[in-house]
Amino acid sequence: MIVMAIGLLVGGSGVVYHFTSPKIELRNLSQASFDEFVLQLPSSRVSIGPVGPESFERVYFSPQSRDGTVHFTLWSGGVVIAEGERAFSAEGQLFRKVGVVIQADGSIAVEIRH
């Protein structure tokens, strides 16, 4: 009985973690593959790759300790395909989602939602 209760507690905390933790959702709408997508957050770095055609990836990251700028870069064949930046606030990071969409032409749309 105690083991079952501990299992439910641990399993339940994992579910809560996935719903509340900040995350990046990368969606490639193009037919192209890319070597790597890099997101440089104020206090950490996330690399996703390779990125397949018409793919979706979700990566959780640690809450950031400070405000700053998010820099993003899409790489293919050692060449930067697209890059840019967005402001990032360390306030209210529960449920934070950085949505990234690679369009059919290789351009990137980035939205930071709370």
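Residues numbered from 1 in each chain as written. Predicted model: local features only at pLDDT ≥ 70, side-chain atom pairs only at ≥ 80, totals over all residues. Heavy atoms only, no water.

**A word on the sheet that holds strand S5 (residues 68-76)**
The strand order across the open sheet built from 4 strands is S3-S2-S5-S6, with neighbouring strands paired in antiparallel fashion. The open sheet has two edge strands, strand S3 (45-48) and strand S6 (79-88), and neither has a second partner. Neighbour-to-neighbour, the strand axes of the sheet open up by a mean angle of 15°, direction not taken into account. Pairing between S5 and S6: 9 bridges, direction antiparallel. Looking at S6, one finds that Thr73 is bridged to Glu83. (Pairing = 2+ DSSP bridges. Helix = DSSP H or I, 4+ residues; strand = E, 2+ residues; numbered from the N terminus. Axes fitted to C-alpha atoms, helices over the stretch in contact; angles between N-to-C directions.)

**Some remarks on the sheet that holds strand S4 (residues 56-60)**
A sheet is described by the order of its strands in space; here 4 strands give the open sequence S4-S1-S7-S8, paired in mixed fashion. The open sheet has two edge strands with one neighbour each: S4 and strand S8 (108-113). Sheet twist, expressed as the mean angle between neighbouring strand axes with direction ignored, is 15°. Of the pairings in the sheet, the one linking strand S1 (residues 23-28) to strand S7 (residues 97-102) comprises 6 bridges and is parallel in character. In the strand pairing of S7, Glu25 is matched with Gly99.

**Remarks on the nonpolar core**
Ile24, Phe37, Leu39, Val100 and Ile108 are the most contacted members of the largest nonpolar core, which totals 20 residues. The set of elements that each furnish at least two residues to this core consists of S1, strand S2 (36-40), S3, S5, S6, S7 and S8. With sequence-adjacent residues up to four places away left out, Ile108 is seen in contact with Phe37, Phe72, Leu74, Ala82, Val100 and Val101. (Core = buried A, V, L, I, M, F, W, Y, C linked by side-chain atoms within 4.5 Å. Buried < 20%, exposed > 50% of the residue type's maximum accessible area, 1.4 Å probe, protein only. Contact = heavy atoms within 4.5 Å.)

**Quick word on the side chain of Ser21**
Position of Ser21 among the secondary structure elements: in the loop between helix H1 (2-20) and S1. Its relative accessible area of 6% is what places Ser21 among the buried residues. For Ser21, the contacting residues outside a window of four places in its chain are Tyr60 and Arg96.

**Regarding the pattern of salt bridges**
Tallied over the full model, the rule gives 4 salt bridges. Residues Arg58 and Glu25 are paired through a salt bridge, measuring 2.8 Å at the closest nitrogen-oxygen approach. Taken as a pair, Arg58 in strand S4 and Glu25 in strand S1 lie far apart in primary sequence, 33 residues in all. Given a relative accessible area of 42%, Arg58 falls into the partly exposed group. Salt-bridge contacts for Glu36 lead to Arg45; the nearest nitrogen and oxygen are separated by 4.0 Å. Shared partners join several salt bridges into a network, and the residues in it are Glu25, Arg58 and Lys97. (Salt bridge = Lys/Arg side-chain N within 4 Å of Asp/Glu carboxyl O.)

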